[in-house]
Amino acid sequence: MTTLFLGARRGAAARLLPTIAVALSLIIYVASLTVVLDAQQPRSVKDGIYTDAQAGRGQQIYQACAPCHAASLQGGLGPPLTGESFIRNWSEYPLWDLATKIGKTMPQTRPGSLTPQQTADVVAYLIKVGGFPAGQSELGVTQAEMSSVGWTGVSTPPARAAAPAAGTPAFPPVGTLAQVMRGILFPSSNIIFNAQGQDPSAEKTPYTSGTTAFSWADWGAGIYSGWEMIDFAAISISEAAPLLLTPGRRCENGRSVPVERQDWNTFTRDMVSAGRAAYRASQTRNRDAVIESTNQLASSCENCHMVYRDKPGGTQTDPSNKAARCVP
Ligand code: HEC
Ligand code: HEC
């Protein structure tokens, strides 16, 4: 039943060699670039990292964005591109991540249609509207240049999960842990692992009832692009992880999910991190980055399974020793 999950894991291992080769060549490459990188001092959006002329060009380009994000950038159909919630979303990441998000996924109706220069210009415009000052030189289009710009010194009040209002209905668990795993984590992981064998950029043939076998990886192909499928799967894993901590849930064998144990909490947090990393990778629309992220994802599942799921000592009636699950 876990074939794709396990098969994909083998695929990930098989890719390790090329990964090491790439890592090695990167180390060499970076070493030869040190001189250039030294000149790329870390900067903040507050440091005058664009020019007024560049932001002016960006404003023109922004006309393609305004139908969804509003002329004021306050958001409409799409989220606001200025203000607190916007900055909070991006302030952990270098400007390169914001530029990549725009360059690869926007305008939503024609993703990938902006040139690197247009992308940098529109980023300059967003920075200007954000109230950050212009300077003497333009924001460059290269990864090295935009990765050196962060949000140091720009603070926003942290987002707080709203405290439940009095009288808010509580939602006790409905399923066993195994059902949550099979219903959410298993299909979502497989959609991400599937990037190993199938290019998410490829045109998808929509599923037609009665003509092809149903496949989780193709689910929704007629509605969402291959890349969006990976976005949503990564989000599902990140967001569903707290379900592993819902008090009162039982495992299939009737034992309580050990939510009070520290290692259980750590395993769950690691899975959230892996889901977030997969989402970041997916947002770059770079297939190799997503494939790379599956190593972290697979490990985050396996590390917990080794302790709490895959128990030795099965019997003929209970070969995988389910009776022993959910205790360390
Ligand atoms: C057809 C509507 C549409 C158009 C046109 C469009 N966007 Fe978006 N944009 C969206 C939606 C919907 C989202 C939220 C989903 C997502 O993050 O992919 C979004 C998200 C974003 C985000 C992420 C914001 C955040 O804080 O998460 C940025 C940045 C962005 N758009 C920039 C642009 C820029 C720049 C343009 C013009 C070049 C543009 N968008 C054009 C609909 C649109
Ligand atoms: C914090 C610990 C933990 C993490 C993290 C975790 N699992 Fe699990 N998983 C379990 C336990 C325990 C069970 C057995 C549940 C039961 O018996 O009710 C299980 C069961 C499963 C099953 C059902 C297997 C069967 O016997 O039918 C699948 C599928 C699964 N996990 C997939 C995943 C995937 C995919 C991930 C990572 C995205 C993941 N799990 C992450 C603890 C974890």
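Draft legend 1. Summary view of the coordination of the iron atom of ligand 2. For the iron atom of ligand 2, the protein coordination sphere consists of Met181 (SD) and His305 (NE2), at 2.0 to 2.3 Å. Geometry at the iron atom of ligand 2 is octahedral, judged from the six donor atoms that bind it and their angles of 83 to 179° at the metal. With Met181 in helix α9 (residues 177-193) and His305 in helix α12 (residues 287-308), the pair connects residues that are 124 residues apart, well separated along the chain. The partly exposed category is assigned to Met181, whose relative accessible area is 22%.

Draft legend 2. Structural view of the site of ligand 1. In the vicinity of ligand 1 lie 18 residues, with Cys65, Cys68, His69, Lys101 and Met106 positioned nearest. Between ligand 1 and the protein, one listed contact pairs an oxygen atom with a side-chain N or O atom of Trp90 at 2.9 Å. Residue composition of the shell around ligand 1, grouped by class: 12 nonpolar, five polar and one charged.

Draft legend 3. Looking closely at helix α11 (residues 262-283). With 22 residues, α11 extends 32 Å from end C-alpha to end C-alpha; this agrees with the ideal 32 Å at 1.5 Å per step. Inspection of α11 places Trp264, Phe267, Thr268, Met271, Ala274, Gly275, Ala278, Ala281, Ser282 and Gln283 among the buried residues, and these make up the whole buried set. Tucked into the core, α11 has its buried residues touching α6 (95-105), α9, α10 (226-240) and α12. Of the residues trailing α11, Arg285 is marked for its positive phi of about 55°.

Draft legend 4. Seen up close, the environment of Val129. The topology assignment puts Val129 in helix α7 (residues 116-129). Look at Val129 and you get partly exposed, because its relative accessible area is 33%. Along the primary structure Val129 and Leu73 are separated by 56 residues, whereas in three dimensions their C-alpha atoms are 8.3 Å apart. Here Val129 is in contact with Leu73 and Thr82, once residues within four sequence places are set aside.

Draft legend 5. Seen up close, the pattern of salt bridges. This structure, assessed with the given rule, holds 12 salt bridges. A salt bridge links Arg88 to Glu84; its shortest N-O distance comes to 3.7 Å. Of this pair, Arg88 and Glu84 both sit in helix α5 (residues 84-90), four residues apart, which is roughly one turn of the helix. What makes Arg88 partly exposed here is its relative accessible area of 27%. A salt bridge links Arg285 to Asp231; the nearest nitrogen and oxygen atoms lie 3.0 Å apart. Here Arg285, found in the loop between α11 and α12, pairs with Asp231, found in helix α10; they are 54 residues apart in sequence, far enough to count as distant. Residues Arg285 and Asp231 agree in their burial class; the two are buried.

Draft legend 6. Spotlight on the site of ligand 2. The environment of ligand 2 is made up of 25 residues, and the closest members are Met181, Glu252, Cys301, Cys304 and His305. At a separation of 2.8 Å, an oxygen atom of ligand 2 approaches a polar side-chain atom of Arg182. Contact between ligand 2 and Arg325: an oxygen atom at 3.0 Å from a side-chain N or O atom of the residue. Elements represented by at least two residues in the shell around ligand 2 include exactly α9, α11 and α12. Take the shell around ligand 2: its biggest share by element is seven residues, from α9. The residue makeup of the shell around ligand 2, split by class, is 16 nonpolar, four polar and five charged.

Draft legend 7. Structural view of the packing of α11 against α12. α12 packs onto α11 with a crossing angle of 165° between their chain directions and a minimal axis gap of 8 Å. Taken together, the axes of α11 and α12 are roughly antiparallel relative to one another. Relative to α12, α11 is oriented so that their crossing is left-handed. In contact with Asp263, Trp264, Phe267, Asp270, Met271, Ser273, Ala274, Ala277, Ala278, Ala281 and Ser282 of α11, α12 contributes Ala289, Val290, Ser293, Gln296, Leu297, Ser300, Asn303, Cys304, Val307 and Tyr308. A class-by-class count of the residues in the contact of α11 with α12 yields 13 nonpolar, six polar and two charged.

Draft legend 8. Representation of the coordination of the iron atom of ligand 1 in the model. The coordination sphere of the iron atom of ligand 1, as far as protein atoms go, consists of His69 (NE2) and Met106 (SD), spread over 2.0 to 2.3 Å. Classification of the site at the iron atom of ligand 1 rests on its six donor atoms, whose angles at the metal span 87 to 178°, yielding the label octahedral. With His69 in helix α4 (residues 66-69) and Met106 in the loop between α6 and α7, the pair connects residues that are 37 residues apart, well separated along the chain. The class for His69 is buried, based on a relative accessible area of 10%.

Draft legend 9. Inspection of the packing of α10 against α11 at higher detail. One way to put it is that α10 packs onto α11 with a least axis distance of 8 Å and a crossing angle of 160°. If you check the angle between α10 and α11, you find them roughly antiparallel. Judged by the twist between their axes, the crossing of α10 over α11 is left-handed. Every residue of α11 that contacts α10 at Trp227, Ile230, Asp231, Ala234, Ile235, Ile237 and Ser238 is listed here: Met271, Val272, Gly275, Arg276, Ala278, Tyr279, Ser282 and Gln283. Residue classes in the contact of α10 with α11 are distributed as nine nonpolar, four polar and two charged.

Rules behind the numbers
- Residues numbered from 1 in each chain as written.
- Chains lettered and ligands numbered in written order.
- Predicted model: local features only at pLDDT ≥ 70, side-chain atom pairs only at ≥ 80, totals over all residues.
- Heavy atoms only, no water.
- Donors = N, O, S within 2.8 Å, 3.2 Å for Na, K, Ca; no water.
- Tetrahedral: all angles 85-135°; square planar, octahedral: opposite > 155°, others 65-115°.
- Helix = DSSP H or I, 4+ residues; strand = E, 2+ residues; numbered from the N terminus.
- Buried < 20%, exposed > 50% of the residue type's maximum accessible area, 1.4 Å probe, protein only.
- Near = heavy atom within 4 Å.
- Polar contact = N/O pair within 3.5 Å; in protein donor to acceptor, adjacent residues only side chain to side chain.
- Nonpolar A, V, L, I, M, F, W, Y, C, P; charged D, E, K, R; others polar.
- Expected span 1.5 Å × (residues − 1).
- Contact = heavy atoms within 4.5 Å.
- Salt bridge = Lys/Arg side-chain N within 4 Å of Asp/Glu carboxyl O.
- Axes fitted to C-alpha atoms, helices over the stretch in contact; angles between N-to-C directions.
- Parallel < 35°, antiparallel > 145°, perpendicular 65-115°, else oblique.
- Left-handed = near helix turned anticlockwise from the far one by under 90°.

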